[in-house]
Amino acid sequence: MTEVSVDEPSAEENASEDIVWVMTGELGYPEAIQTAGTVAAPLLAGFSLTMVALLLPTISNADRTFARWGDLALGFLMAAAILLIMAVQCAMHARSYQVTPDELMSWWGRPGGRPTPAILHNQKVHANKNRYWAAWTRWTYDLGIVLLMAALPLMVLPPGKIPMGRWFIEIITIIGFVVEASWVMWVNRPRRKQSATA
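It should be emphasised that the depicted structure is a prediction, and the values quoted were computed from it without experimental measurement.

Peer 1: Help me out: how do you make sense of the overall build of the chain in this one?
Peer 2: Of regular secondary structure, the chain possesses 6 helices and 2 strands. Mapped in sequence order, the helices and strands of the chain form the string α-β-α-α-α-α-α-β. For the chain, with 198 residues in total, the buried portion stands at 38%. Taking contacts inside the chain between residues at least 6 apart in sequence as the whole, the part at least 24 apart equals 83%. Accessible area of the chain: about 12100 Å², with a carbon and sulfur share of 66%.

Here it is, written out as structure tokens:
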């Protein structure tokens, strides 16, 4: 049986009379990170590796029968797969520090009571570590998707003369890449830390 130690709070935390639970973002943010890291990231990584397997036989062909810039597309897909796999690992670490105030109160024998400074301190430590690994999950996940989207325009562009219908598909994939990259930069803008006072 593994015992979880309780870190000692600082003198400032002991002196505080307010009950402040540290939040890691929006109320549903920890669960959203877990969904991205444990469901979406593995699926997208598997898709990227599948496309790598499809591209590998064609890039060794001098005729380049599949895509005009197959080598570059392959590089983006491999980088995307690696980042998405890293997102899974980071999500696992984030989950190990994801804990609710009710769980803390139950574990240390004070259900329904007032939390001690030690409990508040440990919740703050766990929230900060959860936030750290959640940020890594988000960055590796988002960057992996951007690289995956960047590979799509390279994959649909055939060698030789490009028919009009293929240009239409190419424009759609480029727009998708630009929109996704812009969205990632917008949602990852700096945010203020949040706390909840009981």
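From this point on, the discussion continues.
Peer 1: Is there a simple way to think about the pattern of salt bridges in this case?
Peer 2: Side-chain pairing between opposite charges can occur once the charged atoms of the two side chains come close. Taken as a whole and judged by the stated rule, the model has 1 salt bridge. Across the salt bridge formed by Arg138 and Asp142, the nearest N and O atoms sit 3.8 Å from each other. Residue Arg138 and its partner Asp142 are located together in helix α5 (residues 117-156), separated by 4 residues, close to a single helical turn.

Peer 1: I'm lost on the environment of Met86 in this one. Help?
Peer 2: With respect to the secondary-structure elements, Met86 resides in helix α3 (residues 70-96). Under the relative-accessibility criterion, Met86 is labelled partly exposed at 37%.

Peer 1: What's the story with α3 in this structure? I'm lost.
Peer 2: The α-helix winds at 3.6 residues per turn, so residues separated by three or four positions along the chain end up facing the same way. Counted at 1.5 Å a residue, the expected span for α3 with its 27 residues is 39 Å, and the 40 Å between its end C-alpha atoms agrees. Listing the buried residues of α3 in full gives Gly70, Ala73, Leu74, Leu77, Ala80, Ala81, Leu83, Leu84, Ala87, Cys90, Ala91 and Ala94. Along its buried surface, α3 packs onto α2 (29-59) and α5.

Peer 1: So what exactly am I meant to see when it comes to the environment of Ala87 here?
Peer 2: Inspection of the secondary structure puts Ala87 in helix α3. Placed 53 residues apart in sequence, Ala87 and Thr140 show a C-alpha to C-alpha distance of 5.3 Å. When near neighbours in sequence (up to four residues on either side) are disregarded, Ala87 contacts Gly37, Ala41, Thr137, Thr140 and Tyr141.

Peer 1: Would you mind going over the nonpolar core with me for this structure?
Peer 2: Counting 14 residues, the largest nonpolar core has Leu55, Ala73, Leu74, Leu77 and Met155 as its most contacted members. With 7 residues, the next largest nonpolar core counts Ala36, Ala41, Ala45 and Ile145 among its residues.

The rules we used
Residues numbered from 1 in each chain as written. Predicted model: local features only at pLDDT ≥ 70, side-chain atom pairs only at ≥ 80, totals over all residues. Heavy atoms only, no water. Helix = DSSP H or I, 4+ residues; strand = E, 2+ residues; numbered from the N terminus. Buried < 20%, exposed > 50% of the residue type's maximum accessible area, 1.4 Å probe, protein only. Contact = heavy atoms within 4.5 Å. Areas by Shrake-Rupley, 256 points an atom, 1.4 Å probe, with all protein chains shown as cover. Salt bridge = Lys/Arg side-chain N within 4 Å of Asp/Glu carboxyl O. Expected span 1.5 Å × (residues − 1). Core = buried A, V, L, I, M, F, W, Y, C linked by side-chain atoms within 4.5 Å.

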